[in-house]
Amino acid sequence: MKHVRDPQRPHERALDPARLPRHIAIIMDGNGRWAKKRGLPRAMGHRAGTEAVRAIIRSCDRLGIEALSIYAFSTENWKRSTEEVGVLMGLLLSYFRSEIDELDANDVCIRILGDIDGLPRAQRDAVLAAMDRTRHNAGLKLNIAINYGGRDELRRAMRALAEDVRRGTLDPGAIDEAMIDSKLDTRDLPDVDLLIRTSGEMRVSNFLLWQIAYAEFVVTDTLWPDFDDVALCKAIAEYQTRDRRFGGRPETALTR
Ligand code: IPE
Ligand code: IPE
Ligand code: MG
């Protein structure tokens with residue numbers, strides 16, 4: 001919690017450092033509407049969105065958040081025009097090229113959530129290199145969901161379990177929740193505590209379906225390119241007012 005008491009950032013100082021979410025997930029939505037409002041092409045909205053990504057990563061790092069998972073491209077986003085998919089893939093590549101040095105220097109550990117094999121060659125190489133380079137970093141765990149779908153992740157996990165059964169190394173009766181967890185892209189990460197969606201949409205759009213079982217939801221009308229450290233702290237402050245019960249009685253509801 002490097003700067004929680006930084007007088008320059010009263011919104012960060014106002015948070016209770018003992019009750020920060022361990023894992024924040026963000027559905028970064030509204031780039032297209034942000035551009036439309038300004039009479040700009042959608043590509044400009046996506047470009048502005050990458051600036052917001054930079055700011056939010058820095059803010060989570062300052063706050064000492066353990067894990068941040070951001071939804072960059074879903075398994076359904078391939079349905080968009082070839083032009084828009086091309087813009088998004090191009091931005092991904094330039095993002096990794098331009099940010100990797102700073103992220104690595106700040107001890108950020110990068111993990112890709114999603115089916116990496118389904119990415120174009122250049123993007124696949126870039127994300128694998130970023131993961132490899134930062135794999136021993138002990139700072140913020142930054143998970144970037146690309147070609148990610150919650151159902152697709154579960155499908156891949158089920159297939160991996162079935163393979164173990166076929167090989168004779170796994171008894172189906174022994175499959176428990178921890179074992180399913182261990183086959184997910186998010187293995188070894190805590191469950192999501194706080195799920196934020198920008199641009200006002202009240203839906204999950206196939207993000208981290210298993211991991212959000214007891215997440216607190218905060219939906220803001222702010223469009224993703226306008227989402228900044230103040231907006232993030234507002235969402236965390238809202239989270240800190242929530243009474244998390246995990247299905248138990250309030251007095252027993254400390255952790256899952
Ligand atoms: C989010 O912005 C970025 C991606 C889904 C890749 P959108 O492109 O969905 O923006 P809107 O929802 O059309 O405003
Ligand atoms: C969800 O946003 C995916 C990402 C933010 C990457 P979408 O804009 O694709 O979701 P829908 O279509 O509004 O549900
Ligand atoms: Mg959208």
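For the structure, see preceding data.
Treat the numbers as computed from the prediction; the structure is a model and nothing was measured. (Residues numbered from 1 in each chain as written. Chains lettered and ligands numbered in written order. Predicted model: local features only at pLDDT ≥ 70, side-chain atom pairs only at ≥ 80, totals over all residues. Heavy atoms only, no water.)

### Topic: the site of ligand 1
Taken together, 13 residues lie near ligand 1, and D29, G32, R33, R42 and R80 sit nearest. In this structure, G32 approaches ligand 1 through a main-chain N or O atom, which is 2.9 Å from an oxygen atom. Between ligand 1 and R33 there is a distance of 2.7 Å, counted from an oxygen atom to a side-chain nitrogen or oxygen. Where the shell around ligand 1 is concerned, the elements lending two or more residues are α2 (31–37), α3 (42–63) and α4 (82–105). Tallied by class, residues from the shell around ligand 1 come to three nonpolar, five polar and five charged. (Near = heavy atom within 4 Å. Polar contact = N/O pair within 3.5 Å; in protein donor to acceptor, adjacent residues only side chain to side chain. Helix = DSSP H or I, 4+ residues; strand = E, 2+ residues; numbered from the N terminus. Nonpolar A, V, L, I, M, F, W, Y, C, P; charged D, E, K, R; others polar.)

### Re the site of ligand 2
Ligand 2 sits among I27, M28, D29, Y71, A72, F73, N77, R80, R197, R203 and S205. Within the side chain of N77, a nitrogen or oxygen atom sits 2.9 Å from an oxygen atom of ligand 2. Within the side chain of S205, one N or O atom sits 2.6 Å away from an oxygen atom of ligand 2. Notes on ligand 2: free accessible area 390 Å², of which the protein chains cover 78%. At three residues, the largest contribution of residues to the shell around ligand 2 is made by strand β2 (residues 67–74). Of the residues assigned to the shell around ligand 2, the class counts are five nonpolar, two polar and four charged. (Areas by Shrake-Rupley, 256 points an atom, 1.4 Å probe, with all protein chains shown as cover.)

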